[in-house]
Amino acid sequence: MSQEIVVDTNLQSAKTVAWWLYLFHAASFIFTLGAISFIPLIVNYIKRDETSGTFVYSHHTWQIRSFWWYVFWVVLGAVLFLTFIGIPLAWLIWGGAWLWKAYRLIRGFLDLNNNKPMPV
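Read on for a plain summary of the structure. (Residues numbered from 1 in each chain as written. Predicted model: local features only at pLDDT ≥ 70, side-chain atom pairs only at ≥ 80, totals over all residues. Heavy atoms only, no water.)

Some thoughts on the side chain of Lys-101
Point 1. When you line up the elements, Lys-101 lands in helix α4 (residues 87-113).
Point 2. Once residues lying within four places of it in the same chain are set aside, the contact partners of Lys-101 are His-25, Phe-29, Ser-66, Phe-67 and Tyr-70. (Helix = DSSP H or I, 4+ residues; strand = E, 2+ residues; numbered from the N terminus. Contact = heavy atoms within 4.5 Å.)

A closer look at the packing of aromatic side chains
Point 1. Inspection of the entire model under this criterion finds 12 aromatic pairs.
Point 2. Consider the rings of Phe-29 and Tyr-70, whose centres lie 5.6 Å apart with planes at 80°: the pair is edge-to-face. Note that Phe-29 is positioned in helix α1 (residues 9-32) and Tyr-70 in helix α3 (residues 55-81), a separation of 41 residues in sequence. The pair formed by Phe-29 and Tyr-70 is uniform in burial state, with each residue classed as buried.
Point 3. Ring centres of Phe-81 and Trp-91 lie 6.1 Å apart, and the angle between their planes is 80°; on these two criteria the pair is classed as edge-to-face. Placement of Phe-81 in helix α3 and of Trp-91 in helix α4 is noted, with a sequence separation of 10 residues between them.
Point 4. Judged by relative accessible area, Phe-81 falls into the partly exposed class, the value being 35%.
Point 5. Joined through ring pairs, the aromatic side chains of Trp-19, Trp-20, Tyr-22, Phe-24 and Phe-109 make up one cluster. (Phe/Tyr/Trp six-rings, centres within 6.5 Å; stacked < 30°, edge-to-face > 60°. Buried < 20%, exposed > 50% of the residue type's maximum accessible area, 1.4 Å probe, protein only.)

As for helix α2 (residues 38-48)
Residue pairs three or four apart in sequence face the same way in an α-helix, which turns once every 3.6 residues.
Point 1. Regarding α2, the residues found buried are Pro-40, Leu-41, Asn-44 and Arg-48. End-on, the buried residues of α2 take up no more than an arc of 110°, which puts them together on one face.
Point 2. Of the surrounding secondary structure, the elements contacted by the buried residues of α2 are α1 and α3. (Arc of directions from axis to C-beta.)

Description of the nonpolar core
Point 1. Core analysis: the largest hydrophobic core is formed by 15 residues, its most contacted members being Tyr-22, Phe-29, Val-56, Leu-105 and Leu-112.
Point 2. Counting residues per element, the ones that place at least two in this core are α1, α3 and α4. (Core = buried A, V, L, I, M, F, W, Y, C linked by side-chain atoms within 4.5 Å.)

With respect to unusual backbone geometry
Point 1. For Leu-33, which is not glycine, the phi dihedral falls at a positive 55°.
Point 2. Relative to the helices and strands, Leu-33 is located in the loop between α1 and α2.
Point 3. Note on Leu-33: relative accessible area 54%, which makes it exposed.

Here's the deal with the packing of α3 against α4
Point 1. The geometry of α3 relative to α4 is characterised by a closest axis approach of 8 Å and an angle of 170° between their N-to-C directions. Relative to α4, the element α3 lies roughly antiparallel.
Point 2. Looking at the contact of α3 with α4, its residues break down into 21 nonpolar, 4 polar and 5 charged. (Axes fitted to C-alpha atoms, helices over the stretch in contact; angles between N-to-C directions. Parallel < 35°, antiparallel > 145°, perpendicular 65-115°, else oblique. Nonpolar A, V, L, I, M, F, W, Y, C, P; charged D, E, K, R; others polar.)

In structure tokens, the structure reads:
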């Protein structure tokens with residue numbers, strides 16, 4: 001009995017784009033604390049519709065949500081930092097946001113490489 005391997009080039013291409021976007025998000029996160037992550041974010045929005053109906057779609061959504069929630073926590077920390085009493089809490093929020101974003105990037109990389117969709 002022979003087995004035939006079918007490779008969907010469109011899906012592989014979409015997966016490669018998502019992989020590079022994870023890499024760009026991670027590089028921005030490491031080198032600028034996410035300050036220039038808006039660049040891969042724009043590509044996420046552009047490419048997401050092309051991947052509709054595939055597991056890669058969930059990865060674009062995962063990256064988009066990760067970006068916006070990270071922005072929310074960083075801004076909240078900045079507002080708290082403006083008050084004397086909120087400074088320690090701001091640092092705690094920023095540290096937590098950093099760890100959370102790192103987790104989301106690592107989990108996304110791993111699940112993409114294993115061809116698994118991200119949870120909604």
